[in-house]
Amino acid sequence: MVEFSGDEAQVLARIVDTLPAFPASVQAILELTGDINIDPRKLIEVIEHDPVLTLKILRLVNSAAFGLRQRMSSIKQAFVYVGINTVKNLAISVAAMGTMPHTNMGSCRMELFLEHCVTTAAVARLFARHRGVTESDLSDYFVAGLLHDIGMIILARWQNDSYATLLEQARSQQLPIVLLERQYLKYDHPQIASLVLSRWQLPEQIVTAVATHHSPLERQLTQLDMVLFVANQVSKLLMSEAGHPFSKIEALPEPMQAWLGCELSEVPALLGKLEAEIEVTRQFLQ
Amino acid sequence: MKITLRGTRGSIPVPGAESYIYGGNTTCIEVVAQSGERVIIDAGSGIRPLGNQMVNQEGPSHCHIFLTHTHWDHIQGLPFFVPLFIPGFTIDLFGPVDPVYNNSLRHVLSRQMEYCYFPVLESELKAKIRYTDLQDGVSYQIGSLTVQPILTNHPVVNFGYLITEGERRFFFTGDHEPPQNLYQRGEEGYEEYQRLIDERLALLDGPMQGVDLVVADSMFTREEYFSKRMGWGHSYYDWWIERVERLNIELIMLTHHDPERTDRALDAIFSELQESYPHLIGRFAIATEGMVFEL
């Protein structure tokens, strides 16, 4: 794990603090809601123990969109009035997607960045399922995919203009942004991401997979490392708009290629309902 | 008002000899006001023949479609509702928004007419179409009819509709499941949850008190419901019949028939219910496609 000096650590901590929290309850909700036979009482318990999540869900249920005559003042009441399914979907949406920022990074439009994150998350989850990962573990793959590039957001806020220049250079020269970060900045975005995800107390396997998603051979590869790396490249293949700063596809290291056993371009066909998965995830971000 | 049941099936249309009596079309109810206006509740496959009739006969070229919710069996007839394609018709569509994804009724409905699902885009339709996102309890006046949406319980936001004309009242539940306590008796949380359910049911029971006609989602038998259908968003026959007396409802028509239910099976269920509730015979019946009620 990368070490930061005192001043840098303080600056980074301040930037990280401007991002929404990603509390443990989010992880619990993603795990619970991955099970179609979810025990609704457990879901109530998890939500009620997180006051921020509770408030956000109640604010949504009480919004004009729902148009309820009664004001909902508890999660249980929301369950009774709008149903378990709706509250469950709201919880997933509020929990996972509330963490993603919505401001542009230099000339790179945030919607492109989010499209890449959302597609990576969807591919990671479906590909993990294809590889036999159990349903209850799929949320780790989804979260790793969604947040793998979160370090870019921090770098853009920290380095501002110089990072915008790097993004432009990556786009025009078709270079992986991570190479330019390593050349011109002190830290690359996977290192910064690992700091953020550790502060959010995400499971260790997610933090390490994200920390090494551009340098997978630094350590013994886990299944999550490999799925994340593949999903990241497949997501770039699938992006609707070419020439964005993170479009350069990286070659699979030999052990990973052997594990994959096919070409990257063949992966989407293995995933079944990928479009639907991406669409649902994208909707949550709106 | 004149009420015609145009579709009584749940989930998916079931054409064929085994649904000949009770009907195979999915949910659609036509209500014609004394003042002549036409209200249509839900656009299951039963709306298709109604649309053909509207085009081929003299009558108003303006109708009001109120959707209970946008699950397939309540909207699948809409792309085949011919008045949508004819200049000069005006269609007012009312229904709930999708609050989870914050999508308007128009957005949700137009999605089922995208090229990958249907050859004609929503934007290419020739009728004048207007959309209104509904709010719980907020009424609309359609000629001599007052239509009030009332939130019922389903896995998606779903409105029942109370339609009033003078002293006469008709209630359609849309899809509805009786809310169940998630906690066992004696478990922490049971009392609080039960109180919330009771308050919730009081809000539903209020508008149904003394209604002339209720058309009610009763997809399952009691045994089916409690053995494996809880949480699916539908009611069972007994739950509604037991409310006939309590709420002083004149007549309940049991609808949203399970697609697996044959005419003979529905006949058998009706006989059993008559045996179980002999004092209420005449106050409940199985909804049949084509039935007409004059209130």
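Refer to the preceding data block for the structure.
Reference entry: report on the structure contained in this document. What you see is a predicted model, and the numbers here were worked out from it, not measured in a lab. (Residues numbered from 1 in each chain as written. Chains lettered and ligands numbered in written order. Predicted model: local features only at pLDDT ≥ 70, side-chain atom pairs only at ≥ 80, totals over all residues. Heavy atoms only, no water.)

### A few points about the overall build of chain A
Inference 1: The secondary structure content of chain A amounts to 16 helices and zero strands.
Inference 2: Across chain A, contacts joining residues at least 24 apart in sequence account for 68% of those joining residues at least 6 apart.
Inference 3: With an accessible surface of roughly 12100 Å², chain A has 52% of that area assigned to carbon and sulfur atoms. (Helix = DSSP H or I, 4+ residues; strand = E, 2+ residues; numbered from the N terminus. Contact = heavy atoms within 4.5 Å. Areas by Shrake-Rupley, 256 points an atom, 1.4 Å probe, with all protein chains shown as cover.)

### What to know about the overall build of chain B
Inference 1: Of the regular secondary structure elements, chain B holds seven helices and 14 strands.
Inference 2: Surface summary for chain B: the accessible area is close to 12400 Å², and the carbon and sulfur share equals 49%.

### Quick notes on the sheet that holds strand 2 (residues 28–32) of chain B
Residues and elements named next belong to chain B.
Inference 1: Reading across from one edge, 6-5-4-3-2-1-14 is the order of the seven strands in this open sheet, with mixed pairing throughout. The strands lining the two open edges of the sheet, one partner per strand, are strand 6 (128–133) and strand 14 (292–294). The mean angle between the axes of side-by-side strands here comes to 20°, regardless of whether they run parallel or antiparallel.
Inference 2: Direction of pairing for strand 4 (residues 62–66) relative to strand 5 (residues 90–95): parallel, over a ladder of five bridges. When the bridges of strand 5 are listed, His-64 appears paired with Asp-92.
Inference 3: On top of the sheet, helix 1 (residues 47–56) reaches strand 1 (2–7), strand 2, strand 3 (38–41) and strand 4; it is set at about 160° to strand 3, its chief contact. (Pairing = 2+ DSSP bridges. Axes fitted to C-alpha atoms, helices over the stretch in contact; angles between N-to-C directions.)

### Quick look at the interface of chain B and chain A
When the parts come together, some accessible area is lost, and that loss is often what is quoted as the size of the interface.
Inference 1: Tallying the contact residues gives 31 residues for chain B and 28 residues for chain A.
Inference 2: Note on chain B versus chain A: buried area summed over both sides is about 2500 Å², and carbon and sulfur give 57% of it.
Inference 3: The interface formed by chain B and chain A includes three salt bridges.
Inference 4: A salt bridge links Glu187(B) to Arg41(A); the shortest N-O distance between them is 2.9 Å.
Inference 5: Between chain B and chain A we count six residue pairs in polar contact (both at pLDDT 80 or more) in total.
Inference 6: Secondary-structure elements contributing two or more residues to the side of chain B that touches chain A are helix 3 (105–111), strand 8 (145–152) and helix 4 (190–208) of chain B.
Inference 7: Among the elements that make up the side of chain B that touches chain A, the one with the highest residue count is helix 4 of chain B (seven residues). (Buried area = accessible area lost by both parts, 1.4 Å probe. Salt bridge = Lys/Arg side-chain N within 4 Å of Asp/Glu carboxyl O. Polar contact = N/O pair within 3.5 Å; in protein donor to acceptor, adjacent residues only side chain to side chain.)

### Thoughts on the packing of aromatic side chains
Inference 1: In the structure shown here, the tally under the stated rule is 13 aromatic pairs over all chains.
Inference 2: With a centroid separation of 5.4 Å and 85° between ring planes, the pair formed by Phe80(B) and Phe118(B) is classed as edge-to-face. Residue Phe80(B) is located in the loop between helix 2 (72–75) and strand 5, and its partner Phe118(B) is located in the loop between helix 3 and strand 6; the two are separated by 38 residues in the primary sequence.
Inference 3: Both rings, one in Tyr277(B) and one in Phe284(B), keep their centres 6.4 Å apart while their planes meet at 80°; by these two values the pair is edge-to-face.
Inference 4: The ring of Trp259(A) is capped by Arg131(A), whose NZ or CZ atom sits 4.4 Å from the centre of that ring. (Phe/Tyr/Trp six-rings, centres within 6.5 Å; stacked < 30°, edge-to-face > 60°. Lys NZ or Arg CZ within 6 Å of the ring centre and 35° of its normal.)

### Section: the layout of surface pockets
Inference 1: In this model, the second largest pocket occupies a volume close to 890 Å³.
Inference 2: Along its surface, the second largest pocket is lined by 28 residues, and Pro40(A), Ile84(A), Leu182(B), Met230(B) and Gly231(B) are the ones closest to its centre.
Inference 3: Mapped by element, the contributors of at least two residues to the lining of the second largest pocket are helix 3 (40–48), helix 5 (75–82) and helix 6 (84–97) of chain A together with helix 4 of chain B.
Inference 4: Considering only residue class, the lining of the second largest pocket consists of 14 nonpolar, 10 polar and four charged. (1 Å grid on protein atoms, 1.4 Å probe; cavity = no way out; pocket = protein on both sides within 12 Å on 5 of 7 lines; lining within 4 Å. Points joined across faces, edges and corners; volume = space filled by probe spheres on them. Nonpolar A, V, L, I, M, F, W, Y, C, P; charged D, E, K, R; others polar.)

### Digging into the packing of helix 6 (residues 237–246) of chain B against helix 7 (residues 263–276) of chain B
All names here are of chain B.
Inference 1: Relative orientation of the contacting elements helix 6 and helix 7 amounts to 40°, with a least axis distance of 12 Å. Classified by the interaxial angle, the pair formed by helix 6 and helix 7 is oblique. Two packed elements cross with a definite hand, and for helix 6 against helix 7 that hand is right-handed. Contacts between helix 6 and helix 7 pair Tyr-237, Asp-238 and Ile-241 from the former with Leu-266, Ile-269 and Leu-273 from the latter.
Inference 2: Here the residues of the contact of helix 6 with helix 7 sort into five nonpolar, no polar and one charged. (Parallel < 35°, antiparallel > 145°, perpendicular 65-115°, else oblique. Left-handed = near helix turned anticlockwise from the far one by under 90°.)

### Focus on the pattern of salt bridges
Inference 1: This structure, assessed with the given rule, holds 19 salt bridges over all chains.
Inference 2: Between Asp39(A) and Arg41(A) there is a salt bridge; the shortest N-O distance is 3.3 Å.
Inference 3: Arg41(A) sits in the partly exposed class, given a relative accessible area of 24%.
Inference 4: One salt bridge connects Arg171(A) with Glu168(A), and the closest N-O pair in it is separated by 2.7 Å. Residue Arg171(A) and its partner Glu168(A) are both found in helix 10 (residues 161–173); the two are separated by three residues, about one turn of the helix.
Inference 5: On the basis of relative accessible area, Glu168(A) is assigned to the partly exposed category, the value being 30%.
Inference 6: Among the charged side chains, a salt-bridge network with shared partners connects Asp39(A), Arg41(A) and Glu187(B). (Buried < 20%, exposed > 50% of the residue type's maximum accessible area, 1.4 Å probe, protein only.)

### Comments concerning the packing of helix 8 (residues 138–147) of chain A against helix 14 (residues 223–238) of chain A
Residues and elements named next belong to chain A.
Inference 1: Closest axis-to-axis distance for the helix 8/helix 14 pair is 10 Å, and the angle between their directions is 45°. In terms of orientation, helix 8 and helix 14 fall into the oblique class. For the crossing formed where helix 8 meets helix 14, the hand is right-handed. Of the residues in helix 14, those touching helix 8 at Asp-140, Tyr-141, Ala-144 and Gly-145 are Gln-223, Leu-224, Val-227 and Leu-228.
Inference 2: Considering only residue class, the contact of helix 8 with helix 14 consists of five nonpolar, two polar and one charged.

### Re the side chain of Gln76(B)
Residue and element names in this part refer to chain B.
Inference 1: By the secondary structure assignment, Gln-76 is in the loop between helix 2 and strand 5.
Inference 2: Engagement of the side chain of Gln-76 in a polar contact is seen with the side chain of Thr-26, the distance being 2.7 Å.
Inference 3: In this view, Gln-76 contacts Ser-11, Ile-12, Pro-13, Thr-26, Ala-43, Gly-44, Ser-45 and Gln-112; residues no more than four positions away in its chain are not counted.

### Re the nonpolar core
Inference 1: In this structure, Ile57(A), Ile3(B) and Phe170(B) are the most contacted members of the largest nonpolar core, which totals 90 residues.
Inference 2: A total of seven residues in this core trace back to one element, the largest contributor, which is helix 4 of chain B.
Inference 3: Beyond its immediate stretch of four places on either side in the chain, Phe170(B) contacts Met1(B), Ile3(B), Ile29(B), Val31(B), Ile41(B), Tyr161(B), Leu162(B), Ile163(B), Val211(B), Leu213(B), Val215(B) and Leu295(B).
Inference 4: Among the nonpolar cores identified, the runner-up in size contains 44 residues, and Val118(A), Ala122(A), Ile206(A) and Met256(A) belong to it. (Core = buried A, V, L, I, M, F, W, Y, C linked by side-chain atoms within 4.5 Å.)

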